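Observations on the model geometry
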Amino acid sequence: MRTKPMKLLQLLPSTCIAAIAIASAPAYAADAPAEQAASSGGLDAIVVTAQRREEKLQDVPVAVTAFSPAMIRQLNINDAIQTSKFVPGMISGHNAGLGAANAYYLRALGNSQSTATFDAPVTTYVNDMYIARQNANNYAFFDTERVEILRGPQGTLFGRNTTGGAVNVILRKPADHFAASGEVTGGSYDRYTAKATVDLPVSEKVLTKLSGFYIKDGGYLHNITTGEKMNGEKNWGLRGDIRFKPSAALTIDLAAEHSSNAGTYAGLRSVAGTSPYVVNGTSVPVFYETAAGLRKTDCTQNNINTLLTTGKGACNLTTVTSVSANVAYDTGSGMLTYIAGWRRMNQGYINQYDANTVNPYAAYILVDNGTNDQWSQELKYNTGLFDNKLKLTTGVFYLQEISNDRQTTFTGGTTAFRPIQDSIYRFKAETAAFYAQGDIKLADPLTLTVGGRYTWEKKTLHFTPSPSFTGLGYGDAAVQAYGIPLAQSVNKFTPRFALNYKVAPDVMLFASATNGFKSGGWNGTAAIPSSAVTFRPEKTWSYEAGMKSEFLDHKLRVNITGYIARTSDLQATAAVLSPVTGTIAQLPFNAGTQKVQGVEIETSAKLGDFTLFANPSFMKAKYTYISPATTALTTALSPVRAPTFQISSGVLYEKSVDAIKGTIGLSAAWRHNSPYWVAVLNTTHTQTEDFLDLGVTYRTANDKITVGFDVANVTDQKTVTANFLSLFPGDPRRYTVRVKFKM
């Protein structure tokens, strides 16, 4: 199923030469520092905050891909999940049944569980605010300054649950002048979107901005049983920003946001045949159809009642409300920043997972209602000491989150819905941390980075018996009777060490060793109390070496990173000998040790009006040790979502044409993935994937109006993202017409 890893790794030298010859990368971030490069016809300088302060990408010994508004526009990136098409070593997909929840995998580390008692190793940040749950992390880009994808552990400066990496979304701040812009689109499957933002300064010291978006998608999956369209969405959101500038030294940014995401994400029906995706499978998925008998309805605050009283379901509704503050004060010797935020997520869904079951009473249906509240505060200080020979970033961080969730399973009925599980829990997590990292200039070309983070964390869990179904659910006493603790805590120190050496002003070599950990937890939605077992944190050490370089008067950029990452106490779910009953059960547990090694290359070239990019990556992932407690997972199996070879490449073209009083833009982007497993026990895999996107735009000379047409997935590449009783599909081919305006 997979190309031999070592053969691909042996291709690295020739790939590097080819990349340098043809190449470019999807990474632009800030426009202000780019004047020198742009004036020479070169690539724009890239500014990132991968080390929690603004620095040029080429000066940072961290593997990071960044997207600016221009790049988001040119590549037609609409939300967070679409950035992964251009990031080496990254695979993303919606969680099975949950279109609002993204499962990010970086360097073979990820998590497809959405329940609060499991954490993800790739975490999302919005304006430096940690987003604790991945249930609603598919952030819509409607007024975005830049997006940064950090690859590898970020345990020192970003904290826990970043062993795979971090997705950092930075939104645009209010402007000091009146401005308005917007976009409307229409396309395949009755998809229509609208986005708008307006800057309204009150005075020189008080700036405001209001932004909003609306998305309506009719759905690309046809239900042959009900006649309905599935896998669509209806989303909207509003955001308000206020910036106070009482003095030159003090800036206060306040923001409030509310969004609603409603939709469906159903699996594919199948017919008899030899499966191209499931090992020894005897059925073939039918793209893009389902036969599920459960009809659609709107989700409510009581989805069990909705299902039982209407007989309908097939819904998912997630609402998020948040407020945040970012206060920055220039002390004269450094920058002191206070970051605080509150976020409430309310999610509910009713999903039928077996796509071939026509009778909804017999189907496997999950019903859920849950809330998550999080409060976070951080105080960060950036300074330069000893004539700037030491650049220091230090701070303290605190987070509290409380989740209440109820998940109920129905299956096996004939003329009525039959409940078999009703899990109700209340989860609380508290964590605090102190961190510091310093860049020490040992000599003009040599810099040593030393950092560390000390994290304290405590989690508690409480269960409630079912109030609706006799004999289902359980309380705390039933769990504790099996010796399962309902509280766990950890104290963990995660260091980072790096060296970078400037061979020339535009060529840097670097090496680093970084540690991170992902929190432990419980099997919170277990059907019976003996299965509500705990699992320990998983720990990752990553060792990296690479080069960041620019040549030909900033017209060619070549960044290469090689890495080896070892993850111990790897969390997985499989058939395992239960530690409390001594019988075999499907449980989450600490499975063993995973080793991933690879090479990631990001190259970019500016050739007149053309910008080209080619980003190949090579990955070899394996289990080096598996706990003898499991009867299913072995070292002969391979980690999931770890393609041996990937490449994203393309060309962007913009040319001002006097005859048409405007600028013509063309874009072409191609993504290739070698086959990879999507099931832990290696029962399901993808085929070779090749995605091609094309676009054309016309922008008026005054930059006021832009009209565009683009096609995503031109060849209509069929792919699957997960297998849970059904195979879940990736997006089909889409045509889109866009109109943008500026005032």
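For the structure, see preceding data.
Now for a quick tour of the structure. Everything quoted here is computed from the prediction, not taken from an experiment.

Turning our attention to the sheet that holds strand β14 (residues 229–230). The sheet built from three strands is open, its strands ordered β14-β13-β19 with mixed pairing. In this open sheet, the two edge strands, each paired with only one partner strand, are β14 and β19 (289–290). In the sheet, strand β13 (residues 221–223) pairs with β19 via two bridges, with the strands oriented parallel. Bridge pairing in β19 places N223 opposite T290.

Here we come to the pattern of salt bridges. Where charged atoms of side chains with opposite charge meet at close range, the side chains can pair. Counting across every chain of the model gives 43 salt bridges. A salt bridge links E654 to R73; the shortest N-O distance between them is 3.5 Å. Of this pair, E654 sits in strand β34 (residues 645–657) while R73 sits in helix α4 (residues 69–74), and the two are 581 residues apart along the sequence. A relative accessible area of 24% means that E654 is categorised as partly exposed. Judged by its relative accessible area of 29%, R73 falls in the partly exposed class. In this structure, the salt-bridge partner of R133 is E401, at a minimum N-O distance of 2.9 Å. Of this pair, R133 sits in the loop between β7 (129–131) and β8 (144–151) while E401 sits in strand β23 (residues 390–410), and the two are 268 residues apart along the sequence. Overall, the relative accessible area of 5% leaves R133 in the buried class. Salt bridges sharing common partners tie together R73, E654, R699, D703 and K742.

In total, this model carries one disulfide according to the counting rule given. The disulfide partner of C299 is C315, and the S-S distance across this bridge is 2.1 Å. Handedness of the C299-C315 disulfide follows from its S-S torsion of about 90 degrees: it is right-handed. Residue C299 is found in the loop between β19 and α5 (303–310), and its partner C315 is found in strand β20 (residues 315–330); the two are separated by 16 residues along the sequence.

With that out of the way, let us pick up the sheet that holds strand β9 (residues 165–171). One key point about sheets: their strands pair by backbone hydrogen bonds, in either a parallel or an antiparallel sense. On the basis of which strands lie adjacent, the open sheet formed by five strands has the order β3-β8-β9-β6-β7 and mixed pairing. If you trace the sheet from one side to the other, it starts and ends with β3 (64–67) and β7, each paired once. Strand-to-strand twist of the sheet, defined as the mean angle between neighbouring strand axes without regard to direction, takes the value 20 degrees. Judged from the five bridges that link them, strand β6 (residues 122–126) and β9 form a sheet pairing that is parallel.

So, on to the nonpolar core. In terms of nonpolar packing, the biggest core is built from 26 residues, with F427, F463, V479 and L633 touching the most fellow members. For this core, the elements supplying multiple residues, two or more each, are β24 (419–443), β25 (446–463), β31 (556–577), β32 (584–607) and β33 (610–626). Element by element, the count of residues in this core is highest for β31, at four residues. Setting aside anything within four residues of it in sequence, one finds L633 in contact with A572, A591, Y623, I626, V680 and L681. By size, the runner-up hydrophobic cluster in this structure holds 22 residues, among which are M71, L106, I131 and F613.

The pairing of strand β10 (residues 179–187) with strand β11 (residues 191–199) spans nine bridges and is classified as antiparallel. What sits directly across from A180, in β11, is V198. Turn length for the β10-β11 hairpin, with the two strands adjacent in sequence and antiparallel, is three residues, and the turn residue Y189 shows positive phi of about 60 degrees. Here β10 pairs with strand β40 (residues 734–742) via seven bridges, running antiparallel. Following the sheet pairing, T185 is matched in β40 by R738.

A cluster of nonpolar residues, F178, V184, L200, I705, V707, V739, F741 and M743, forms a patch on the protein surface that exposes about 700 Å² of accessible area. Those elements that provide at least two residues to the nonpolar patch are β37 (705–712) and β40.

Once that is clear, we can look at the packing of aromatic side chains. The final tally for this structure, using the stated rule, is 22 aromatic pairs. When the ring of Y265 is compared with that of F728, the centres are 5.4 Å apart and the planes differ by 50 degrees; the resulting orientation is tilted. Taken together, the residues span a long stretch of sequence, with Y265 in the loop between β16 (250–263) and β17 (270–272) and F728 in strand β39 (residues 727–729) at a distance of 463 residues. Above the face of the Y563 ring, R107 is positioned so that its terminal group lies 4.0 Å from the ring centre.

Okay, the side chain of T494 next. As for its placement among the helices and strands, T494 is situated in strand β26 (residues 487–504). According to the relative accessible area criterion, T494 is buried, its value standing at 2%. Within the structure, the side chain of T494 is placed 3.2 Å from the backbone oxygen of G155, a separation counted as a polar contact.

The rules behind these values
- Residues numbered from 1 in each chain as written.
- Predicted model: local features only at pLDDT ≥ 70, side-chain atom pairs only at ≥ 80, totals over all residues.
- Heavy atoms only, no water.
- Pairing = 2+ DSSP bridges.
- Helix = DSSP H or I, 4+ residues; strand = E, 2+ residues; numbered from the N terminus.
- Salt bridge = Lys/Arg side-chain N within 4 Å of Asp/Glu carboxyl O.
- Buried < 20%, exposed > 50% of the residue type's maximum accessible area, 1.4 Å probe, protein only.
- Disulfide = S-S within 2.5 Å.
- Axes fitted to C-alpha atoms, helices over the stretch in contact; angles between N-to-C directions.
- Core = buried A, V, L, I, M, F, W, Y, C linked by side-chain atoms within 4.5 Å.
- Contact = heavy atoms within 4.5 Å.
- Patch = residues over 30% accessible without salt bridge, like charges linked within 9 Å, V, L, I, M, F, W, Y side chains within 5 Å.
- Areas by Shrake-Rupley, 256 points an atom, 1.4 Å probe, with all protein chains shown as cover.
- Phe/Tyr/Trp six-rings, centres within 6.5 Å; stacked < 30°, edge-to-face > 60°.
- Lys NZ or Arg CZ within 6 Å of the ring centre and 35° of its normal.
- Polar contact = N/O pair within 3.5 Å; in protein donor to acceptor, adjacent residues only side chain to side chain.

Everything listed here is a matter of coordinates, which is why it stays silent on function.
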